[in-house]
Amino acid sequence: MRLEGKVAIVTGAASGYGKRSAEMFAMEGAGVAAVDIHQDGLEGVVAGIRRQGAEAIGVVADITRTDDVRKIMADTVQAFGKINVLFNNAGVDHMDRVVDVTEEDWDRVLAVNLKGCWLCSKYAIPHLIQAGGGSVIHTSSLSALKGRVGNACYGASKAGVLAFSQIMAVELAPHRIRSNCICPVVATTPMGERFVRKALKLYGMEVEGDWDFEKAKPLATTAIPMQMLSEPEDIAYAAIYLASDESRLVSGTYILIDGAARAA
């Protein structure tokens, strides 16, 4: 029960990292506000948490819209009375070379991955201050730290998240609000599968025959010394640590979950 008594908002909670983090936050004792734009997936996550005897609400919202973000905060406070943790996890992917990225692609990725991160933080901060401090966690990426072909808008957005998180850490330190990033390598999630499929095509390493993610994984891990993709649990465990009081002096940094890919 490492998060007992805390209230956490998790964005992008209908699938992937967000889904598993919302579930594991609840198992560790937190009241969870699960946020996503996809209502069907979100309802299943919230129902699953409640079946385990934990507390959760679902908030359907577009994190790029101010009114929606304000609703996230209002619904969370109405349900739980406070906010202690914000996990800015929601994101979208796009894989194309610089000259092939369209203006629409660029704007969409930056809006969700970076603007959404800023909006949620902006409107959560007054509640975190009122609670006496707290933790803001952002899902960044290995792509923020290492250049790779095809990562033009996605990598730029995640590098922006990393810089934004560090600025937040300095600004909010007097309020005992910590801000940190998690930077994972590509994952075994629906987004990760799309990413791998497009990346292998760009790198001229397409899987022969019908597409099979399992068959593609050995190709996808050639640049990862530990020969593994990340799993949602890997990110959730790191997020639990950053959300808990165990990390009370950890701020302005990141946890890299990449199987030594950056070091190679």
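Reference entry: report on the structure contained in this document. (Residues numbered from 1 in each chain as written. Predicted model: local features only at pLDDT ≥ 70, side-chain atom pairs only at ≥ 80, totals over all residues. Heavy atoms only, no water.)

## Remarks on the environment of Thr 222
With respect to the secondary-structure elements, Thr 222 resides in the loop between helix H7 (213–220) and helix H8 (232–243). A relative accessible area of 53% means that Thr 222 is categorised as exposed. For the pair Thr 222 and Ala 261, spaced 39 residues apart in sequence, the C-alpha to C-alpha distance is 9.5 Å. Ignoring anything within four residues of it in the chain, the contact list for Thr 222 reads Met 205 and Gln 227. At a separation of 3.0 Å, a polar atom in the side chain of Thr 222 contacts the main-chain carbonyl oxygen of Leu 219. (Helix = DSSP H or I, 4+ residues; strand = E, 2+ residues; numbered from the N terminus. Buried < 20%, exposed > 50% of the residue type's maximum accessible area, 1.4 Å probe, protein only. Contact = heavy atoms within 4.5 Å. Polar contact = N/O pair within 3.5 Å; in protein donor to acceptor, adjacent residues only side chain to side chain.)

## Thoughts on the pairing of strand S3 (residues 56–60)
Pairing between strand S2 (residues 31–36) and S3: five bridges, direction parallel. Following the sheet pairing, Val 35 is matched in S3 by Val 59. (Pairing = 2+ DSSP bridges.)

## Here we look at the pairing of S2
Sheet faces and side chains relate simply in a regular strand, where the side chains alternate between the two faces. Burial within S2 is extensive, with six of its six residues counted as buried. The alternating pattern of S2 places Gly 31, Ala 33 and Val 35 on one face and Val 32, Ala 34 and Asp 36 on the opposite face, and all of these are buried. Both strand S1 (residues 7–11) and S2 contribute to a ladder of five bridges, which runs parallel. Each bridged residue has a counterpart across the sheet, and for Ile 9 the counterpart in S2 is Ala 33. As for the winding sense of the linkage, the β-α-β connection from S1 through helix H1 (residues 16–27) to S2 is right-handed. With helix H2 (residues 39–51) bridging S2 and the parallel S3, this β-α-β connection has right-handed handedness. (Right-handed = clockwise from strand over helix to strand, strands pointing away.)

## Brief notes about the pattern of salt bridges
Taken as a whole and judged by the stated rule, the model has nine salt bridges. Between Arg 2 and Glu 246 there is a salt bridge, and its shortest N-O distance comes to 2.8 Å. Taken as a pair, Arg 2 in the segment before S1 and Glu 246 in the loop between H8 and strand S7 (254–257) lie far apart in primary sequence, 244 residues in all. With its nearest N and O atoms 2.8 Å apart, the salt bridge here joins Glu 23 to Lys 19. Residue Glu 23 and its partner Lys 19 are both found in helix H1; the two are separated by four residues, about one turn of the helix. Several salt bridges share partner residues, and in doing so they unite Lys 19, Arg 20, Glu 23 and Glu 233 into one network. (Salt bridge = Lys/Arg side-chain N within 4 Å of Asp/Glu carboxyl O.)

## A few points about the sheet that holds S1
The sheet built from seven strands is open, its strands ordered S3-S2-S1-S4-S5-S6-S7 with parallel pairing. Looking at strand neighbours, the two that pair on one side only are S3 and S7, the edges of this open sheet. Adjacent strand axes in the sheet meet at a mean angle of 15° when their direction is disregarded. The strands touched by H2 are S2 and S3; relative to S3, the strand with the most contacts, the crossing angle is about 175°. Relative to the sheet, helix H3 (residues 66–80) contacts S1, S2 and S3, its axis offset from that of S3 by approximately 160°. (Axes fitted to C-alpha atoms, helices over the stretch in contact; angles between N-to-C directions.)

## Some points on the packing of helix H4 (residues 103–130) against helix H5 (residues 152–172)
Across the interface, H4 lies against H5 with an axial gap of 8 Å and an inter-helix angle of 15°. One element, H4, and the other, H5, form an angle in the roughly parallel class. At the point where H4 passes H5, the crossing takes the right-handed sense. Judged by residue contacts, Trp 106, Val 109, Leu 110, Asn 113, Leu 114, Cys 117, Trp 118, Ser 121 and Ile 125 of H4 engage Ala 152, Cys 153, Tyr 154, Ala 156, Ser 157, Lys 158, Gly 160, Val 161, Phe 164, Met 168 and Leu 172 from H5. Counted by class, the contact of H4 with H5 contains 15 nonpolar, four polar and one charged residues. (Parallel < 35°, antiparallel > 145°, perpendicular 65-115°, else oblique. Left-handed = near helix turned anticlockwise from the far one by under 90°. Nonpolar A, V, L, I, M, F, W, Y, C, P; charged D, E, K, R; others polar.)

## Considerations on the nonpolar core
Counting residues in each nonpolar core, the largest one holds 38 residues, and the members touching the most others are Ile 9, Ile 72 and Met 73. With ten residues, the single largest contributor to this core is H4. If near-sequence neighbours (up to four positions away) are discounted, Ile 9 is found in contact with Ala 33, Val 35, Ile 72, Met 73, Thr 76, Ile 83, Val 85, Leu 86 and Phe 87. Counting residues in each nonpolar core, the second largest holds 31 residues, with Leu 3, Val 32, Ala 34 and Ala 54 among its members. (Core = buried A, V, L, I, M, F, W, Y, C linked by side-chain atoms within 4.5 Å.)

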